[in-house]
Amino acid sequence: MNQDPVELVIFDCDGVLVDSERIYCRVDREVCASLGAEFTETEIVDHFVGSSHEVLTAIVEERLGRPLDPDWHHVYRPLYDRALDAELTAVEGVTDALDALHVPFCLASNGSHAAIRRNLTRVGLLDRFEGRMFSARDVARGKPAPDLFLHAAATMGVPPERCAVVEDSPYGVAAARAAGMRAFGYCGGLTRADRLMGPRTLVFDDMRELPKLLGEPLV
């Protein structure tokens, strides 16, 4: 099957560049419990990983049966920051993958610009993405809508069909497919491989393999 060559690789941040999802999920569960919303570890992974703040809030409100204040999350920010400062590392093999890429790359995350910069700084990756970071705050709708990836591709000057997206969540791979881009689902973290599989998607578990996988045909 012939396909256009990849001219841009768009990376998600959490769980793809920085190994933050394990930390977020643990603290998410603690925060939700303090609000009175109990979630199992599986529920946290299935529903929270890769979600936008709006999606997370809606899920918690549904479990609670009541609305939350618009700024409910702010008081818990120090819990996340302390855990990330103490534990955050780059995803294993990602620096090797970045070094081996021969095409431009950028970042597109549902997180805020401030959170993206903090996490990349913590693991020493900020310089690699400076000036090429896109947040869901830049568009009308975050993932799983395609808006963010389309915005990143347009800004970088590459048509969607020549973009490859590296994601670790069902929300992210759904957004990539909706944008008409190739999806590479990384299952080396928390998300099960079967939750990433689908059309025009290659699922893999070793980030070092990414550069050579970019040339594989997807159906």
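A quick note: this is a predicted structure, and the numbers were derived from the prediction, not measured.

Peer 1: I would appreciate a short explanation of the sheet that holds strand S6 (residues 201–204) in the present structure.
Peer 2: Across a sheet, strands are paired by hydrogen bonds formed along the backbone, either parallel or antiparallel in direction. Taken in spatial order, the six strands line up as S3-S2-S1-S4-S5-S6 in an open sheet, and their pairing is parallel. Lying at the two open borders of the sheet, with one neighbouring strand each, are strand S3 (133–135) and S6. Direction aside, the axes of adjacent strands within the sheet are offset by 25° on average. Of the pairings in the sheet, the one linking strand S1 (residues 8–11) to strand S4 (residues 163–167) comprises four bridges and is parallel in character. Directly across from Leu8, in S4, lies its bridge partner Cys163.

Peer 1: Just checking my understanding: could you explain unusual backbone geometry for this structure?
Peer 2: Note: most peptide bonds trans; most residues except glycine with negative phi. Pro144 follows Lys143 through a cis peptide bond whose omega is 20°. Relative to the assigned elements, Pro144 resides in the loop between S3 and helix H8 (147–156). With a phi angle near 50°, Arg200 is a residue other than glycine that sits in the positive phi range. Residue Arg200 is classed as partly exposed on the basis of its relative accessible area, which comes to 28%.

Peer 1: Could you clarify how one ought to interpret the layout of surface pockets in this entry?
Peer 2: Taking a probe equal in size to a water molecule and rolling it over the atoms shows the remaining empty space. Here the largest pocket is characterised by a volume of approximately 690 Å³. Along the walls of the largest pocket sit 32 residues, with Tyr24, Ser51, His53, His73 and Gly111 positioned nearest its centre. Listing elements by their share of the lining of the largest pocket, those giving two or more residues are helix H1 (21–35), helix H3 (53–64), helix H4 (77–87) and helix H6 (113–123). Looking at the lining of the largest pocket element by element, the count peaks at four residues for H1. Across the lining of the largest pocket, the residue classes tally to eleven nonpolar, eleven polar and ten charged. The computed volume of the second largest pocket comes to approximately 160 Å³. Together, Gln3, Asp4, Pro5, Val6, Ala100, Leu101, His102, Val103, Arg182, Pro211, Leu214 and Gly215 line the second largest pocket. Grouping the constituent residues of the lining of the second largest pocket by class yields seven nonpolar, three polar and two charged.

Conventions and cut-offs
- Residues numbered from 1 in each chain as written.
- Predicted model: local features only at pLDDT ≥ 70, side-chain atom pairs only at ≥ 80, totals over all residues.
- Heavy atoms only, no water.
- Pairing = 2+ DSSP bridges.
- Helix = DSSP H or I, 4+ residues; strand = E, 2+ residues; numbered from the N terminus.
- Axes fitted to C-alpha atoms, helices over the stretch in contact; angles between N-to-C directions.
- Buried < 20%, exposed > 50% of the residue type's maximum accessible area, 1.4 Å probe, protein only.
- 1 Å grid on protein atoms, 1.4 Å probe; cavity = no way out; pocket = protein on both sides within 12 Å on 5 of 7 lines; lining within 4 Å.
- Points joined across faces, edges and corners; volume = space filled by probe spheres on them.
- Nonpolar A, V, L, I, M, F, W, Y, C, P; charged D, E, K, R; others polar.

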